[in-house]
Amino acid sequence: MVASTTVKLNTGAEMPTVSLGTWKSQPGQVEHAVEFALKNGYKGIDTAAAYKNEAEVGKGLKASGVPRESFFLTTKLDNPDQKHAEKALFDSLKALDTPYLDLWLMHWPAPMIDGSTPDKSIDWLNTWKEMERLYKAYPDKLKAIGVSNFSVKFLERLLAEATVVPAVNQIELHPSCTQTDVVEFCRSKGIVITSYSPLGSDNSPLLTNPTVTKLAEKYSVAPANILISLQANKPGVTVLPKSVTNSRIEANKKIVDLTDDEIAELEAIDKQHHFRACHPSWTGFGSLGFPDCLDADK
Ligand code: A2P
């Protein structure tokens with residue numbers, strides 16, 4: 001395969017294949033990470049209202065001195081904000097101190113009252129309809145809308161009523177959580193997949209997995225580069241390595257082209273060792289239709 005550098009969205013816009021992830025990036029660190037990434041060639045930054053770091057990300061964007069139109073900015077509607085999406089959109093724009101978002105995602109199909117209580121009085125499908133309304137009402141502020149953590153079952157329900165096909169579905173994606181059903185379904189509908197936790201998140205066993213380290217040696221790169229490259233080699237997939245460490249932010253940009261056999265070998269890790277860094281059951285809505293999480297529905 002030849003890894004991409006950008007992927008075209010169904011809006012016609014190009015999304016950079018690699019953007020900096022900021023989930024778990026702590027206050028006091030993320031401003032610098034964003035500034036460093038943009039100054040050192042990253043073309044995209046991903047954040048979320050739920051990460052509680054939008055204001056600091058915004059400072060990093062400014063500090064970089066990179067013109068707004070030169071990078072792709074994504075944030076997400078938090079679960080407790082599903083009942084007032086319009087206010088949440090304007091709060092995110094203000095916190096990030098940006099005139100527009102390149103992409104705004106529904107963070108989870110899981111309306112919540114607070115950080116731990118599901119809100120069963122709200123239907124996420126109505127939230128999507130509200131996001132569609134805002135997308136049409138504010139084309140100068142919202143360049144694209146999409147979803148995150150959507151299983152095939154939930155996407156099918158959304159697409160049956162949507163007037164705007166989501167541009168992106170951002171999901172956990174790495175060799176121990178391959179989700180080929182979601183990737184293939186989205187590809188068939190022209191929905192770009194974004195991989196979060198491509199390294200397997202903090203203290204990941206994937207960084208010492210023998211298949212990963214063998215390929216890292218072959219290509220003279222770090223294990224992280226193999227894991228990031230795996231996603232960048234897949235058509236219609238973009239990827240969000242997270243780091244607050246300058247040397248890693250710099251190193252994670254290096255993408256190698258993998259053979260089809262190597263991709264298959266990496267994807268086979270899931271059969272031996274499956275895990276999720278972020279299990280959907282934390283929302284109180286069980287499996288959210290993900291086949292590997294059905295135990296959570298019991
Ligand atoms: P840190 O942010 O302290 O540099 P993921 O992208 O899958 O969510 O993984 C993020 C985790 O991986 C963080 O703990 C991050 O640490 C670490 N990480 C990021 N880049 C590398 C790298 N090149 N090598 C090892 N660990 C990395």
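Overview of the structure. Predicted model, so just to flag it, every value in this text is computed and none were measured. (Residues numbered from 1 in each chain as written. Predicted model: local features only at pLDDT ≥ 70, side-chain atom pairs only at ≥ 80, totals over all residues. Heavy atoms only, no water.)

### Concerning the overall build of the chain
Spelled out, the test is: Segments assigned H or I by DSSP are reported as helices when at least four residues long, segments assigned E as strands when at least two residues long, and all are numbered from the N terminus. Our radius of gyration is a C-alpha quantity, and the globule rule it is checked against amounts to 2.2 Å times the number of residues to the power 0.38. Categorising residues by exposure relies on relative accessible area from a 1.4 Å probe, with only protein chains included: less than 20% of the type maximum marks a residue as buried, more than 50% marks it as exposed, and the intermediate range marks it as partly exposed. Contact between two residues is taken to exist if any of their heavy atoms lie within 4.5 Å; hydrogens are not considered. His is not counted, nor are the chain ends, whereas Lys and Arg count as positive and Asp and Glu as negative. In plain terms, the charge of a residue is placed at NZ if it is Lys, CZ if Arg, CG if Asp and CD if Glu.
Helix and strand content of the chain: 11 helices and 10 strands. At 18 Å, the chain has a C-alpha radius of gyration in line with the 19 Å of a compact globule built from 298 residues. Considering only C-alpha atoms, the chain reaches an extent of 50 × 50 × 35 Å along its principal axes. The burial tally for the chain puts 55% of its 298 residues in the buried class. Within the chain, contacts between residues separated by at least 24 positions form 73% of all contacts whose residues are at least 6 apart in sequence. Considering the chain, the positive charge centre built from 32 side chains and the negative charge centre built from 37 side chains are found 3 Å apart.

### Topic: the nonpolar core
Short version of the rule: Here, the term nonpolar core denotes a set of buried Ala, Val, Leu, Ile, Met, Phe, Trp, Tyr and Cys residues that are joined through side-chain atoms within 4.5 Å.
Ranked by size, the top nonpolar core spans 73 residues in total, and within it Ile 45, Trp 104 and Ile 226 carry the most contacts. By residue number, the principal contributor to this core is helix α1 (residues 30-39), which donates 6 residues. The residues contacting Trp 104, other than those within four sequence positions of it, are Thr 75, Lys 76, Leu 77, Ala 85, Leu 89, Met 131, Leu 134, Leu 142, Ala 144, Ile 145 and Gly 146. Membership of the second largest hydrophobic core comes to 10 residues, among which are Phe 72, Leu 103, Leu 105 and Ala 144.

### Observations concerning the site of the ligand
Note the cut-off: Whether a residue is near a molecule or strand depends on its heavy atoms: if one lies within 4 Å, it is near. In protein, a polar contact means a hydrogen-donor-capable atom and an acceptor-capable atom, both N or O and within 3.5 Å, with residues adjacent in sequence counting only if both atoms are side-chain atoms; elsewhere, any N or O pair within 3.5 Å suffices. Per-residue accessibility takes into account occlusion by the displayed protein chains alone, with areas from the Shrake-Rupley method and a 1.4 Å probe. Note on definitions: the grid is 1 Å and covers protein atoms alone; a cavity is a set of points where a 1.4 Å probe fits but cannot get out; a pocket is an open set with protein on both sides within 12 Å along at least five of seven lines; lining residues have an atom within 4 Å of a point. Molecule-in-pocket calls rest on the fraction of atoms, with more than half required to lie within 2 Å of the cavity or pocket grid points. Residues are grouped as follows: nonpolar covers Ala, Val, Leu, Ile, Met, Phe, Trp, Tyr, Cys and Pro; charged covers Asp, Glu, Lys and Arg; every other residue, Gly included, is treated as polar.
The environment of the ligand is made up of 16 residues, and the closest members are Leu 199, Asp 202, Lys 242, Ser 243 and Thr 245. Between the ligand and Ser 201, the relevant distance is 2.9 Å, taken from an oxygen atom to a main-chain nitrogen or oxygen of the residue. Within the side chain of Ser 243, one N or O atom sits 2.7 Å away from an oxygen atom of the ligand. Bound to the protein, the ligand loses 85% of the 570 Å² it would expose on its own. Given that more than half its atoms are within 2 Å of the pocket grid, the ligand belongs to the largest pocket. When its residues are assigned to classes, the shell around the ligand shows 7 nonpolar, 6 polar and 3 charged.

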